[in-house]
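Descriptive structure summary
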Amino acid sequence: MGRNVDLVKTLDFQLEIQSGDEADLRFAARESRRAYNETVRLAKEGVESANIAPTVADEVDLVRNTTQRIVNKALDAVENGRSQADVCLPSHTKSDPYPIRANYTEGYDLTLDDGEVAFRISTKPYNPVRGVLRGSDVHLDLLKSALCGSGWEIGTAEALFRRGDPELHVTVTKTDAAVRRPEQSETIIGVDVNEDNVALAALSDDGVEETLVVEYPEVKSERHRYLTIRKRIQKAGKTSQFESLEQKEKRFVRDRLHKLSNFISEFANQFESPCIVFEDLKDIREGLDLGARMNQRIHRIPFGALQSYTTYKASFSGIPTMRIDPEYTSQMCAVTDCEHTTCSNRRKNRFRCRACGHQDHADRNAALNVAKRGVRALNWNVPALNNLPQVRKVRRRASGAVDAPSVTHDAGRGDQTDGVVGVFE
Ligand SMILES: [Zn+2]
């Protein structure tokens, strides 16, 4: 029993070309870029959307529905730029190759062939490129299930060159994924997302099952670095550099969010019938004041994206997610008999309750409060939280290695760090 939801996933493959010419793909990637640039240029000139597609289709040498897909994506980018507070339209002089967006069975096709997945990509009506897909077992397995099972839909794909090699990114949708209802959960996982760490707390009827603080200092420093470079480039008016830098930063952030959301989902998965609880995004920047603009740049996108990545990854394992009111989760004492709330309870990453003297890692305290609100929303009895396990910390470095945890400050009650290391991948 559960809700049925659509789960969309993008699967990445390398192309092993067996017939046709790779040069045709390269040509089509350049034509795709031309279609994109031309669409943006016309839109900026004020040409109506409905008139742009036919004009561009006549100019570029691509399968027609592929052109249509690229035009639509470019128009979305323009629309998106116009809706930003500081209107920021995309460049129409993009110089990177652009993905060839193709409709399933039209611009591209996939077939199961003797245990392998064969592809056909038509860049022009009579010049298909054919071969087989290579990639991770996980992605190949998913694609094979999608190709032969019911309850799956295969959607648009993008053919592109990454580090010089041709790839195909295929979107598949599982249309009947069953996600348990939050009410059917037995463990509530509170998630507290901060600028350079995520704190997790698992609560059951019996009390605290486990807590963990995952540190990622390099995400904060990388984003600050990009912000600085971006400002400099903007001042110098070099908009083409701006765009490729933005892509780089996006890739970096996406990669980290991807890993972090996997980690949260796996953390949840080790418990009996878990449900992941996030703070509702509206007020999530409580307690952080770096100026409104800075806050927006640094925090808003990753928080929202991390929640949606995690929600969707958890869904693949049938794990539901919930959102709770975030007010004062970082200032409230998590001890159930106390729950004293004041901003002076918290000082950086230390929490010390002014009323009862309870001490904890501030972000774990917040994660416990998030979990408790989830528990209340489900009308469970809230455990007392008198005995907290030690704080476990894992740190992820840019290399992907996980540092051994270390004690970083005086250990108060419930705030010792033990020697357990998680794997963040
Ligand atoms: Zn207290």
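Residues numbered from 1 in each chain as written. Predicted model: local features only at pLDDT ≥ 70, side-chain atom pairs only at ≥ 80, totals over all residues.

A count of helical and extended segments in the protein chain gives eight helices and 17 strands. The 425 residues of the protein chain split such that 35% are buried. Sequence-distant contacts in the protein chain: of pairs separated by 6 or more residues, those separated by 24 or more amount to 68%. (Helix = DSSP H or I, 4+ residues; strand = E, 2+ residues; numbered from the N terminus. Buried ≥ 20, exposed ≤ 12 C-beta atoms within 10 Å, placed from the backbone. Contact = placed C-beta atoms within 7 Å.)

With that settled, the discussion passes to the pairing of strand β4 (residues 116-122). Pairing of strand β3 (residues 108-113) with β4, which is carried by six bridges, proceeds in the antiparallel orientation. From the neighbouring strand, Asp113 faces β4, where its bridge partner is Glu116. As consecutive antiparallel partners, β3 and β4 are separated by two residues, and within that stretch Asp114 has a phi angle of approximately 55°, a positive value. Across five bridges, β4 lies against strand β5 (residues 128-134) in antiparallel orientation. Residue pairing across strands places Ala118 opposite Val132, the latter belonging to β5. (Pairing = 2+ DSSP bridges.)

Viewed as axis vectors pointing N to C, helix α1 (residues 22-45) and helix α2 (residues 49-59) meet at an angle of 145°, and their least axial separation amounts to 10 Å. As α1 runs across α2, the sense of the crossing is right-handed. Packed against α1, whose contacting residues are Ala35, Glu38, Thr39, Leu42 and Ala43, the element α2 presents Ile52, Thr55, Val56 and Glu59 at the interface. Per-class residue counts for the contact of α1 with α2 are five nonpolar, two polar and two charged. (Axes fitted to C-alpha atoms, helices over the stretch in contact; angles between N-to-C directions. Left-handed = near helix turned anticlockwise from the far one by under 90°. Nonpolar A, V, L, I, M, F, W, Y, C, P; charged D, E, K, R; others polar.)

Moving on to the sheet that holds strand β15 (residues 359-361). One open sheet accounts for three strands, arranged β13-β14-β15; its pairing is antiparallel. Whereas interior strands pair on both sides, the edge strands pair on one side only; in this sheet they are β13 (346-347) and β15. Here strand β14 (residues 350-352) pairs with β15 via three bridges, running antiparallel. Each bridged residue has a counterpart across the sheet, and for Arg350 the counterpart in β15 is His361.

Under the 1.5 Å per step criterion, the end-to-end length of helix α3 (residues 64-83) is 29 Å for 20 residues, consistent within 8% with the ideal 28 Å. Listing the buried residues of α3 in full gives Thr66, Thr67, Arg69, Ile70, Val71 and Ala74. Those residues of α3 that are buried are in contact with α1, α2, β2 (100-102) and β6 (152-162). (Expected span 1.5 Å × (residues − 1).)

Glancing now at the packing of α2 against α3. It is at 10 Å that the axes of α2 and α3 come closest, and there the two elements cross at 135°. Judged by the inter-axis angle, α2 sits oblique to α3. Two packed elements cross with a definite hand, and for α2 against α3 that hand is right-handed. Where α2 abuts α3, its residues Ser49, Ile52, Ala53, Val56 and Ala57 lie against Arg64, Thr67, Gln68, Val71 and Leu75. (Parallel < 35°, antiparallel > 145°, perpendicular 65-115°, else oblique.)

The next subject is the nonpolar core. The nonpolar side chains of a soluble globular protein tend to be buried, and buried together. The biggest cluster of nonpolar side chains holds 48 residues, and the ones touching the most others in it are Ile189, Val191, Leu200, Ile276, Val277 and Ala371. At seven residues, the largest contribution of residues to this core is made by helix α8 (residues 362-377). Leaving out residues up to four positions away in the same chain, Leu200 has contacts with Ile189, Val191, Thr211, Leu212, Ile264, Phe267 and Ala367. Leu25, Val71, Ala74 and Ala159 belong to the second largest nonpolar core, which has 37 residues in total. (Core = buried A, V, L, I, M, F, W, Y, C linked by C-beta atoms within 7 Å.)

Now for the environment of Arg352. For Arg352, the position within the fold is in strand β14. Using a count of 17 C-beta atoms within 10 Å as the deciding quantity, one classes Arg352 as partly exposed. Considering only alpha carbons, one finds Arg352 and Cys333, 19 residues apart in sequence, at a separation of 8.1 Å. If we ignore the near neighbours within four places in the chain, the residues touching Arg352 are Asn345 and Gln359.

Glancing now at the pairing of β6. Regular strands place side chains that alternate from one sheet face to the opposite one. Of the pairings in the sheet, the one linking β2 to β6 comprises three bridges and is antiparallel in character. Across the sheet, residue Ile100 finds its bridge partner in β6, namely Ala159. The pairing of β6 with strand β7 (residues 165-179) spans nine bridges and is antiparallel. For Phe161, the partnering residue across the bridge sits in β7 and is Pro166. The hairpin formed by β6 and β7 contains two residues between the paired strands, and Arg163 there has a positive phi angle of roughly 50°.

The next thing to look at is the confidence of the model for the protein chain. Of the residues in the protein chain, 84% have a pLDDT of 70 or more, and the chain-wide mean is 81. Here strand β17 (residues 402-403) stands out as the element of the protein chain with the lowest mean pLDDT, 39, in contrast to β5, whose mean of 96 is the highest. Within the model, pLDDT remains below 50 along residues 283-301, and this stretch shows 19 contacts once partners closer than five positions in the same chain are excluded. (pLDDT = per-residue confidence, 0-100.)

Moving on: unusual backbone geometry. Although it is not a glycine, Asp114 sits at a positive phi angle of roughly 55°. By secondary structure assignment, the location of Asp114 is in the loop between β3 and β4. The class for Asp114 is exposed, based on 6 C-beta atoms found within 10 Å.

Residue placement: Thr123 occurs in the loop between β4 and β5. Once the C-alpha coordinates of Thr123 and Asp24 are considered, the two residues, 99 residues apart in sequence, prove to be 6.8 Å apart. With sequence-adjacent residues up to four places away left out, Thr123 is seen in contact with Asp24, Leu25, Phe27, Ala28, Leu62, Val63, Ile100 and Val129.

Attention now goes to the environment of Ala201. In this structure, Ala201 sits in strand β9 (residues 197-204). Residues Ala201 and Val277, 76 residues apart in the sequence, show an inter-C-alpha distance of 9.8 Å.

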